[in-house]
Amino acid sequence: MGHEYDLSRIEKVAERLGLISNRSTDTTKQRQGRSDEVTPTGDGRLDSYPDPATWDDWTEYESSGEPREYSVVPTACFNCEAGCGLLTYIDTETGEIRKIEGNPEHPGSRGRNCAKGPATINQLNDPQRIEYPLERDGPRGSGQWRRVSWDEALDDIASEMREALEDDRGNEITYHVGRPGHEDYMDRVIDAWGVDGHNSHTNICSSGARCGYGLWHKYDRPSADFANAEFVLLLSAQLESGHYFNPHAQRIMEGMQEGGELAVMDPRLSNTAAMSDYWLPTQPGSEAAVLLAMANVILEEELYDREFVERWVNWRQFLDEEYPGRERTFESYIDILRNDLYGRYTLEYAESESGVDAAKIEKVGRKIGNAGSRYASHIWRSAASGNKGGWQVSRTLHFLSVLTGSVGTEGGTSPNAWHKFDPDLPNEPPRQKLWDELQLPTEYPFAHYEMSELLPYFLKEGRGKISVYFTRVFNPVYTYPDGFSWIEALTDEDKIGMHVALTPTWNETAYFADYVLPMGHSPERHDIQSQETHAGTWVTYRQPVLREYAEREGDDVDRTYEANPGEVWEEDEFWIDLSWRVDDDGDLGIREHFESPYRDGDGDEPAKMTIDEYYRYVFEQEEKLVELAEEADMTPLEYMKHYGAFEASENDYERHEEPLDESILEEDDVRVDEYGTIRRGEAPEYYSEMDGSDVLGVMVDGEPRRGFPTPTGKQQFYSKTIAEWGWDDQQYTLPNYIKSHVHPENIDYGDGEMVLVPTFRLPTQIHSRSSNSKYLEEISHNNPVWMHTQDADRLGVETGDLVRVETDIGYYVNEVWVTESIKPGIVAMSHHMGQWKVNREEADTDIEEGGDPYGKVTVDLNNEASQWGMRQTEGIQPFESSDSDSERVWWTDGGVAQNLTFPPHPDPVSGMHCWHQRVTVRPAEDDDYYGDIYVDTERSMEIYRKWLDEANPAPGPNGLRRPKWLKRPISPPTDPGEDDAWYVGGPVGRHERWEPDERTTVPDDGDAGTDGSRE
């Protein structure tokens, strides 16, 4: 084992020139990243990670030269979605985790981590972390808590759930996830409950990008092969802080070392843009126009890959539907692209929309065309999440991949599912058969996915209620727009009956819960993750390392909280025990899915599945892992416990070209339609793209091939689906440019209006869990407003001055940072700081609520009617604790919670919350203080309804709620006879159905309010 390190061409040259140390002449063992002995080099540093064979009994030397004995246990980071590998060093003398570093056996991260990985040690040792289950002991939000046992909490929650299920109110149980994990685990649990209860943070994160990719080929995320690319185009700061930051960053740098080039499209000069070959500082929302101008360059200069486009694009269907009078040839299709559709996206037009020099756009477009199949690209949030119509940004970005034939190629961009692990699960339940209209309402049939940012407004309108609401590592009061509307919903027990917050840390949403249940950080929990970081598939095993260490030492641990600090637990075991109690007699049909797949019970009582049995089953179904385990003389579970990860496959390219067995064409119910799509079943009288489940593959060059999971089996340049669902205009049916809600036409610059870009993040911050990490907070603890020098001169402000940023529903006050690293007319602000806790000086409780003092400010909240004000009363300061570093805190700033002041902006097609804001920035007023916030939630409700009116509601063809072929989480069955939930009027699992004409209004409580000032 061990991580091998291959030198790039540039590194070899640098060695010969003496610019870097001569690693290529090290011993073979050193080059493989391991050593049989602990042998410090001459300058006193270790050359490599310890060999995995020594992890159970590893000796390392202190700076004093004294040896220290460790048991090294792998796990995976939980501080972003990348799931990078970690090694925990457990001191065998104290039984405590002493340090954390990268796991060289992890195929995605390869032993390397960003700052957030090693900072996990801070989260474990946070002196004010939650260690025991807590139940509120006063009004919701009062800050009064009492400690309870896990049994008390489980029994109470299970009782509420069982009552809802027995009353046919299954969809009043909602599981709302923030930080995902454990592949398919919760899908299995929710299906076992028989409810459509999954909700996520996706539509404040990636709905726009997902929708754009999904319309092309159902797969809704890209998997770029950066290391082998000749040219890379990133939208936003991908290299330093984007999706899968660390695994992607190292591969982009490898590609650049081998001669590849990098372009970055971002209005802000991020660290990534500063390292790129080409920075394209676009006007927010203009990105699709620039991408289509590049497409025009590729078309005009005939740099497109004719073979790929002709074979794999649904151009014949496009001609039949949109240009039936034109000749049905590929040449006719290309002529239409050049002259009818994209010829208008000239370089001059792109420059006028974006502000980027036309010559630079042309050069990058030509570079992309010349890179051909080795062109890689990525977007996740950025412009796709910021703008109305942002889904067309990812759609036009993928158009460049289609034109260059770089879809699924070496050095190109593949669908994510080609590089994702799909586990086989034990006792898998059938799909649930309900449709939760609070999550996926009829107004948004193309939403990717649940319309979670609208939940408080739906509840206010009376669309339904929630009886049991689980928030898992999820903090909408802080993370979502208009957090005060969330507080209004969370404090209304008629809308949310029981709120259970599953969280490792105190957060702004947990303050308004009925139960706060401490869940583990990455070294304190079980789950598995698999992410599309490169052209291969890997699986990592996140495990509670102190439990694994105890079991190595011979201890018998029944439940993970017995080995963790205090009674910190994990969700995997929690869901097993909770589900068992919900159906303690087995009458609901839930318990059977949580029975052991290996053991029989005693008498009539079945054996409950253990967590080891669950993962044993999953790992034993994976052929490659079974082989690796046999070679190591281990079981698959033992292998994963020891190494923490494995690579299931590598070099997964062009899977759409995989041949199908020709015998499929001989089956009686299989036919090939006019577009070469291989379908099962007779042709319906009314053809619709509502359901792609009958597609088996596609004929290409006379051969049956796998193709793509779309209604034609090909790349969907033209979306008949969009047309059938009421968006029958080429602005929507084709890759196109939709002007943003913050397009310059909508901004009154003369009156001081500007565009606020609040979507970027710093690489040293976690979404909403940085404040309990002293390392991360010391590095980054404020989020000033970036402003160009021209705008600062206009306003008469300098770096450090306070400004008031006014949105459509209120304002916030923050410091300004004057810089040339942003376009004029635009301001920007990181969205990872500004966490707060309420001043609880008068709360009658022995349990301190709040925690995380390294990064949370203390505030006063004032509320009258729909008007809310917040003022910081105490910044960050030294404090006494078991950690002596807490008395050395030198910073006072905790940032500003800007998201509170944003109204909801649901995109009419993708459902994505469009983050960019039209704002007015003014010098602060005399009574403004740093961090002041004011919001009117009634005004936010008005804006919600305005955006809602732009949607195009279901039903679609044949009364469907949503096209069946598009992805959705925990989908009801699609097979005829079992698919009632897919149709408007089908089962929703509630007592009464809400109808649009029943829309209620929020009562007018008068004009009384607060400006956020101290009383």
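Residues numbered from 1 in each chain as written. Predicted model: local features only at pLDDT ≥ 70, side-chain atom pairs only at ≥ 80, totals over all residues. Heavy atoms only, no water.

What follows is about the packing of helix H10 (residues 287-300) against helix H14 (residues 347-354). For any two helices packed against each other, one specifies the inter-axial angle together with the distance between the axes. Where H10 contacts H14, the axes come no closer than 9 Å and their chain directions differ by 165°. As summarised for this structure, H10 and H14 are arranged roughly antiparallel, according to the angle between their axes. Note that H10 runs across H14; the crossing there is left-handed. Residues Ala 289, Val 290, Ala 293 and Val 297 of H10 pack against Leu 347, Tyr 349, Ala 350, Glu 353 and Ser 354 of H14. Its residues assigned to classes, the contact of H10 with H14 comprises seven nonpolar, one polar and one charged. (Axes fitted to C-alpha atoms, helices over the stretch in contact; angles between N-to-C directions. Helix = DSSP H or I, 4+ residues; strand = E, 2+ residues; numbered from the N terminus. Parallel < 35°, antiparallel > 145°, perpendicular 65-115°, else oblique. Left-handed = near helix turned anticlockwise from the far one by under 90°. Contact = heavy atoms within 4.5 Å. Nonpolar A, V, L, I, M, F, W, Y, C, P; charged D, E, K, R; others polar.)

With respect to topology, three strands assemble into an open sheet ordered E18-E19-E20, the strand pairing being antiparallel. The sheet is open, and its two edges are formed by strand E18 (527-529) and strand E20 (645-650), each paired on a single side. The sheet shows a mean angle of 20° between the axes of neighbouring strands, direction not considered. Pairing of strand E19 (residues 536-542) with E20 involves five bridges; the strand directions are antiparallel. Opposite Thr 540, over in E20, you have Ala 645 as the bridge partner. (Pairing = 2+ DSSP bridges.)

Structurally, a disulfide amounts to a covalent bond that connects the sulfur atoms of two cysteines. Enumeration over the complete set of coordinates arrives at zero disulfides. Cys 84 carries a free sulfur, and the closest cysteine sulfur to it, the one in Cys 80, is 6.0 Å from it. Looking at Cys 84, the relative accessible area reads 7%, which means it is buried. Between Cys 205, a free cysteine, and Cys 80, which holds the nearest cysteine sulfur, the sulfur-to-sulfur gap is 11 Å. (Disulfide = S-S within 2.5 Å. Buried < 20%, exposed > 50% of the residue type's maximum accessible area, 1.4 Å probe, protein only.)

Before going further, it helps to spend a moment on helix H15 (residues 358-371). Helix length check: H15 (14 residues) gives 20 Å between terminal C-alpha atoms against 20 Å at 1.5 Å per residue, within 8%. Residues of H15 that are buried: Ala 358, Ile 361, Val 364, Gly 365, Ile 368, Gly 369 and Ala 371. The arc that holds the buried residues of H15, viewed along the axis, is 165°, so those residues lie on one side. One side-chain oxygen of the residue at the start of H15 lies 3.2 Å from the amide nitrogen of Ala 359, identifying that residue as Asp 357. (Expected span 1.5 Å × (residues − 1). Arc of directions from axis to C-beta. Polar contact = N/O pair within 3.5 Å; in protein donor to acceptor, adjacent residues only side chain to side chain.)

One way to put it is that helix H23 (residues 611-620) packs onto helix H25 (residues 636-643) with a least axis distance of 8 Å and a crossing angle of 100°. Classified by the angle between their axes, H23 and H25 sit roughly perpendicular to one another. Where H23 abuts H25, its residues Asp 612, Tyr 615, Arg 616, Phe 619 and Glu 620 lie against Pro 636, Leu 637, Met 640 and Lys 641. In the contact of H23 with H25, the residues fall into five nonpolar, no polar and four charged.

A few words now on helix H13 (residues 330-341). Over its twelve residues, H13 extends 15 Å from the first C-alpha to the last, a length consistent with the 16 Å expected when each residue adds 1.5 Å. Within the span of H13, buried status applies to Phe 330, Ser 332, Tyr 333, Ile 334, Ile 336, Leu 337, Arg 338 and Leu 341. Elements in contact with the buried residues of H13: H10, helix H11 (306-312), helix H12 (315-322) and helix H27 (730-733).

Right, let's talk about the nonpolar core for a bit. Within the largest apolar cluster, 91 residues are counted, with the highest numbers of intra-cluster contacts made by Tyr 812, Trp 836 and Val 921. Listed in part, the 69 residues of the second largest apolar core include Tyr 304, Phe 318, Val 356 and Ile 361. (Core = buried A, V, L, I, M, F, W, Y, C linked by side-chain atoms within 4.5 Å.)

The next subject is the pattern of salt bridges. The tally for this structure, following the rule as stated, stands at 85 salt bridges. Two residues, Glu 548 and Arg 552, come together in a salt bridge whose shortest N-O distance is 3.4 Å. One end of the pair, Glu 548, and the other, Arg 552, are both in helix H21 (residues 545-552), four residues apart, so they sit about a helical turn from each other. For Glu 548, a relative accessible area of 10% corresponds to the buried category. The class for Arg 552 is partly exposed, based on a relative accessible area of 24%. (Salt bridge = Lys/Arg side-chain N within 4 Å of Asp/Glu carboxyl O.)

Here the focus is the side chain of His 521. Tracing the chain through its elements places His 521 in the loop between strand E17 (515-518) and E18. Every residue in contact with His 521, bar those within four places of it in the chain, is listed here: Gln 123, Leu 124, Arg 129, Pro 504, Thr 505 and Asn 772.

Here the focus is the pairing of strand E4 (residues 97-102). Note that strand E3 (residues 85-91) and E4 share five bridges and pair antiparallel. Within E4, the residue paired with Ile 90 across the bridge is Ile 97.

Moving on, we come to the sheet that holds strand E24 (residues 703-705). The strands making up a sheet associate through hydrogen bonds between their backbones, and the pairing can be parallel or antiparallel. With antiparallel pairing, the four strands of this open sheet are ordered in space as E21-E22-E23-E24. Two strands lie at the open edges of the sheet, namely strand E21 (670-672) and E24, each paired on one side alone. Neighbour to neighbour, the strand axes of the sheet diverge by 30° on average, direction disregarded. Sheet topology note: the strand E23 (residues 695-700)/E24 ladder contains three bridges and is antiparallel. Within the sheet, the bridge partner assigned to Val 698 lies in E24 and is Arg 705.

Evaluation of the coordinates by the stated rule reveals 54 aromatic pairs. Ring geometry for Phe 474 versus Trp 486: centroids 6.4 Å apart, planes at 80°, classification edge-to-face. You can see Phe 474 sitting in the loop between strand E15 (466-472) and helix H19 (476-479) and its partner Trp 486 sitting in helix H20 (residues 483-490), a full twelve residues away along the chain. Of the residues examined, Trp 486 reaches a relative accessible area of 2% and is grouped as buried. A cation over an aromatic ring shows up here: Arg 804 above the ring of Tyr 811, its NZ or CZ 3.7 Å from the ring centre. (Phe/Tyr/Trp six-rings, centres within 6.5 Å; stacked < 30°, edge-to-face > 60°. Lys NZ or Arg CZ within 6 Å of the ring centre and 35° of its normal.)

Another point: the pairing of strand E2 (residues 67-76). Across the ten residues of E2, seven count as buried, placing the element largely inside the fold. In this sheet, E2 lies alongside strand E1 (residues 58-61) in antiparallel orientation, the contact comprising four bridges. Note that in E2 the partner of Thr 59 across the bridge is Glu 69. Hairpin geometry of E1 and E2 is characterised by an intervening segment of five residues between the two adjacent antiparallel strands and by a positive phi of about 95° at Gly 65. The pairing of E2 with E3 spans seven bridges and is antiparallel.

Among the secondary structure elements, Lys 624 is positioned in helix H24 (residues 623-631). In sequence terms Lys 624 and Val 545 are 79 residues apart; their C-alpha atoms lie 25 Å from each other. If sequence neighbours within four positions are ignored, Lys 624 has contacts with Phe 646, Glu 647 and Ala 648.

Taken together, the side chains of Glu 553, Asp 555, Asp 556 and Glu 562 define an acidic patch exposed on the protein surface. Looking at the element boundaries, Asp 556 is found in the loop between H21 and helix H22 (571-582). (Patch = residues over 30% accessible without salt bridge, like charges linked within 9 Å, V, L, I, M, F, W, Y side chains within 5 Å. Areas by Shrake-Rupley, 256 points an atom, 1.4 Å probe, with all protein chains shown as cover. Lys, Arg positive; Asp, Glu negative; His and termini not counted. Charge placed at Lys NZ, Arg CZ, Asp CG, Glu CD.)

Turning our eyes to something else, we now look at unusual backbone geometry. Cis rather than trans, the peptide bond between His 448 and Tyr 449 has omega equal to 5°. If you trace the backbone, Tyr 449 turns up in the loop between strand E14 (413-415) and helix H18 (455-460). For the bond running from Ala 954 to Pro 955, omega is 15°, close enough to zero to count as cis. Mapped onto the secondary structure, Pro 955 falls in the segment after helix H30 (937-948). With a phi angle near 45°, Glu 654 is a residue other than glycine that sits in the positive phi range. Looking at the secondary structure, you find Glu 654 in the loop between E20 and E21. Although it is not a glycine, Ala 865 adopts a positive phi angle of roughly 55°.

Let us now look at the confidence of the model for the chain. Residue-level pLDDT values for the chain average 91, and 91% of them are 70 or greater. Segment residues 1-5: pLDDT under 50, and 22 contacts once partners within four positions in sequence are set aside and those in other chains are kept. Note that pLDDT drops below 50 for residues 998-1015; the model gives that stretch 45 contacts with residues more than four away or on any other chain. (pLDDT = per-residue confidence, 0-100.)

Structurally, Arg 804 is set in strand E27 (residues 802-806). Arg 804 sits in the buried class, given a relative accessible area of 10%. Engagement of the side chain of Arg 804 in a polar contact is seen with the side chain of Glu 925, the distance being 3.5 Å. At 2.8 Å, the side chain of Arg 804 forms a polar contact with the side chain of Asp 928. Apart from residues no more than four positions distant in its own chain, Arg 804 is found in contact with Tyr 811, Tyr 812, Thr 920, Val 921, Arg 922, Pro 923, Ala 924, Glu 925 and Asp 928.

Looking at the element boundaries, Gly 85 is found in strand E3. Each C-alpha atom of the pair Gly 85 and Ser 771 lies 22 Å from the other, and the pair is 686 residues apart in sequence. If near-sequence neighbours (up to four positions away) are discounted, Gly 85 is found in contact with Thr 75, Ala 76, Glu 101, Gly 102, Asn 103, His 106, Ser 109 and Asn 113.

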